[in-house]
Amino acid sequence: MTSAEAQQRIAQLRAQVGRHDDLYYRQAKPEIADFDYDRLKRELADLEAQFPESMEADSPTTRVGDDRLEGFVTFRHRQPMQSLDNTYSEAELRAFHQRLVKLFGREDLAYVVEPKIDGIAVSLTYEKGRFVRAVTRGSGIEGDDITANAQTIYALPRELKGASSRAAKGVPVPGSVEIRGEIFMTLAEFERINREREEAGEVLFANPRNLAAGTIKQLDAREVARRKLEVVLYGLGFCEPTPEQSARDGADLLGTQSGLHGLLKAWGLPTVERFWTARGIDETWRVVQELDQLRHSFAYATDGAVIKLDSFAQQREAGSTAKAPRWAIAYKFTAERAETRLKAITVQVGRTGVLTPVAELEPVQLAGTTVSRATLHNRDEIGRKDIRVGDFVQVEKAGEVIPAVVGVNLARRLPDCVAYVFPSQCPVCGTRVVQYDGEVAVRCPNVGCPAQVRRRVLHFASKAGVDIEGLGEAMVGTLVEKGWVKGIADIYRLRRDDLLTLGKSVEKSTDNLLAAVEASKRAELWRVVNGLGITHVGAAAAKELAARFGSLEALAEAPRDDLLSIGGIGDTMADAIIAHFNEPRNRDLVSQLLNLGVAPTTPMRPAAVAAAALAGKTFVLTGTLPSLSRETATAKIEVAGGRVSGSVSRKTSYVLAGEDAGSKLEKARSLGVPVIDETEFRQLLGE
Ligand code: IVH
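Because the structure is a prediction, the values reported are computed rather than measured.

**Some points on the pairing of strand 13 (residues 355-366)**
Reasoning step 1: Pairing between strand 12 (residues 336-349) and strand 13: seven bridges, direction antiparallel. Paired with Gln348 across the two strands is Thr356, which belongs to strand 13.
Reasoning step 2: Where strand 13 lies against strand 14 (residues 369-375), six bridges are found, and the strand directions are antiparallel. Opposite Val358, over in strand 14, you have Thr375 as the bridge partner.
Reasoning step 3: The turn linking strand 13 back onto strand 14 is made up of two residues, and Ala367 within it adopts a positive phi angle of 45°.

Right under this line is the structure:
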């Protein structure tokens, strides 16, 4: 490869790795498997090493993936959070050991082997033993303050044990300490949430890590509290007094990584389920393999082993590169794969008409379960991988809980096997499918397609919608098939006489169903809004919209600026809402529902309660608030019945001031107008 060619490839790889970093760390929606990502990054690192002239300070190989997001306050770590070098190869693990052998002049180095938890890195700060802050890794130098969200984690102690009585069991509690670990979600909780989403016709999360990452970055802590997160701790950041000082003072637990585990436990923190100590590389390698066997029984997804020098003194001596310590390495387990025959490809039609191809497989054992179906994602993906019916395919379940087809074994392809032709017509209603510009999804454009009607009605009636008991999958299927239900509004046109023809002794269930339908007319507004299935609008946004607009009619007429003034609503969602209600059919549905007697309720929410207090009050905003943007603060004031003005006068009720407040603050003081900060503001709102 010439230098020019290398430059070109390097630029390409940097762009790719940068994009996947963003998808993984910021959006929690990775598009490729960890293994493929690691391979891209490795290729980039190798090329950069070969062509040092190409090196840039800002290459993705020299920084840790950045998870910082708009809407969070950033916080500077007192000691940077590093990443780990990783490898999939035993030889490289042995090479890591040999470098340390050379440095220390001995073979029998003591290591600790721990599970590598597939979660989201977090740094917890305890001051005088009290929990004060949780921060994500961010850029490694500074991360997002997620304290409010972390406080929803049940197992996270507010106070370290031993903090109140200094002598407690001789466990020293440092004056100030950053404790590092991972936030994760158990498989059970992940499955519970996905089941709910499936019922609601929402897109499923691929694995617990993505779901946990998406949850911890929710701006609304109440939303976070509904999903159970957990935490496990394994490391120290900044520590005052330093571990060396403490070790000198006789606290020998602070001299080694294995001791640290004991100490974390003694402080009452959740620690790794198991760790091993081993001497020399042969024993270490054996232990890594033992961990590989055991990891499936752990509460968290474990995608590798972390091997660390046990002695803190040796760790200090080995030191670090800019990004990662030289005293530790992650050995990653390759995802489990199985090969099996692809019997058929079926195509499902979703609520919005998206056609999703599903692989029907010869059942095969994989990571402890029998797999007979796997996702094929979309049409392009099948083409890219040239997956054909009859092929032997590899199925993988990495961190992915939903198995996916990752490749084809071409050596076993039979000669008569033909390329798969994606249907050009909807498999349910026969309408020609379409693919919109910039979308990967192939859709059935017929809104009357029975498959779509079924899914839409199910979504409307689901637990996250108006919650009609008795309108489950089977019943909705029947109603659509009979032609009694052609859309959501028809739920309210069901006739008792028709339903009674469905079987012999269906009187009771029919009456129950009709009673549930009747009751749903008074469902909370957000449920109706969510039930409409507006693209990009989930339950959380539906709640915001319901609180802000108070009625379906007002929402359907909402100007874009009003939508955008709501905290959780950005351009994409605002556009989707407007497009939805611009569609005559959707407007018509709203009037039909209202004519049929649907009268959603709007219970008093905290904001509405506060309205009494804020009604008629005028606010002036100045400076930067710690966590609220100007737009969010404005929206909160307006929702609560207040008004925002640009200049301070005697009529101003409050000046809401943040950092770097200027002349408005002075004017308020001179006029004697009350000045409040964000905390006092939130108190006014009753938050
Ligand atoms: S030690 C300076 N130990 O994996 C050493 N990290 O790919 C820093 N991780 O950034 C990390 N389990 O977020 C360590 N037992 C473990 C871990 C672990 C998971 C994460 C951590 C790190 C990432 C590197």
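From this point, the narrative continues.
**Brief notes about the environment of Gly143**
Reasoning step 1: Relative to the elements of secondary structure, Gly143 occurs in strand 6 (residues 142-144).
Reasoning step 2: A sequence separation of 20 residues divides Gly143 from Ser123, and the C-alpha atoms of the two residues are 9.1 Å apart.
Reasoning step 3: If sequence neighbours within four positions are ignored, Gly143 has contacts with Arg68, Val73, Thr74, Phe75, His77, Val135, Thr136, Arg137 and Gly138.

**Some words on the site of the ligand**
Reasoning step 1: Taken together, the neighbourhood of the ligand is formed by 14 residues, with Glu114, Ile117, Arg137, Glu182 and Lys308 sitting nearest.
Reasoning step 2: Within the complex, 86% of the 520 Å² of free accessible area of the ligand lies under protein.
Reasoning step 3: If you list the elements that add at least two residues to the shell around the ligand, you get strand 3 (110-117) and strand 10 (302-309).
Reasoning step 4: Among the residues making up the shell around the ligand, the classes are represented as seven nonpolar, two polar and five charged.

**Examining the confidence of the model for the protein**
Reasoning step 1: On average, residues of the protein carry a pLDDT of 88, and 95% of them reach 70 or more.
Reasoning step 2: Counting contacts from residues 606-610, a segment whose pLDDT is below 50, to residues more than four positions away or on other chains yields seven contacts.

**With respect to the pairing of strand 7 (residues 176-184)**
Along any regular strand the residues' side chains alternate between the sheet's two faces.
Reasoning step 1: Counting buried positions along strand 7 gives nine out of nine residues, so the element sits mostly inside the fold.
Reasoning step 2: Looking at chain direction, strand 4 (residues 120-127) and strand 7 are connected through eight bridges and run antiparallel. Each bridged residue has a counterpart across the sheet, and for Tyr126 the counterpart in strand 7 is Val177.
Reasoning step 3: Where strand 7 meets strand 8 (residues 230-240), eight bridges bridge the pair, whose relative direction is antiparallel. In the sheet register, Ile179 faces strand 8, and the bridge partner there is Leu236.

Thresholds, definitions, all that
Residues numbered from 1 in each chain as written. Predicted model: local features only at pLDDT ≥ 70, side-chain atom pairs only at ≥ 80, totals over all residues. Heavy atoms only, no water. Pairing = 2+ DSSP bridges. Helix = DSSP H or I, 4+ residues; strand = E, 2+ residues; numbered from the N terminus. Contact = heavy atoms within 4.5 Å. Near = heavy atom within 4 Å. Areas by Shrake-Rupley, 256 points an atom, 1.4 Å probe, with all protein chains shown as cover. Nonpolar A, V, L, I, M, F, W, Y, C, P; charged D, E, K, R; others polar. pLDDT = per-residue confidence, 0-100. Buried < 20%, exposed > 50% of the residue type's maximum accessible area, 1.4 Å probe, protein only.

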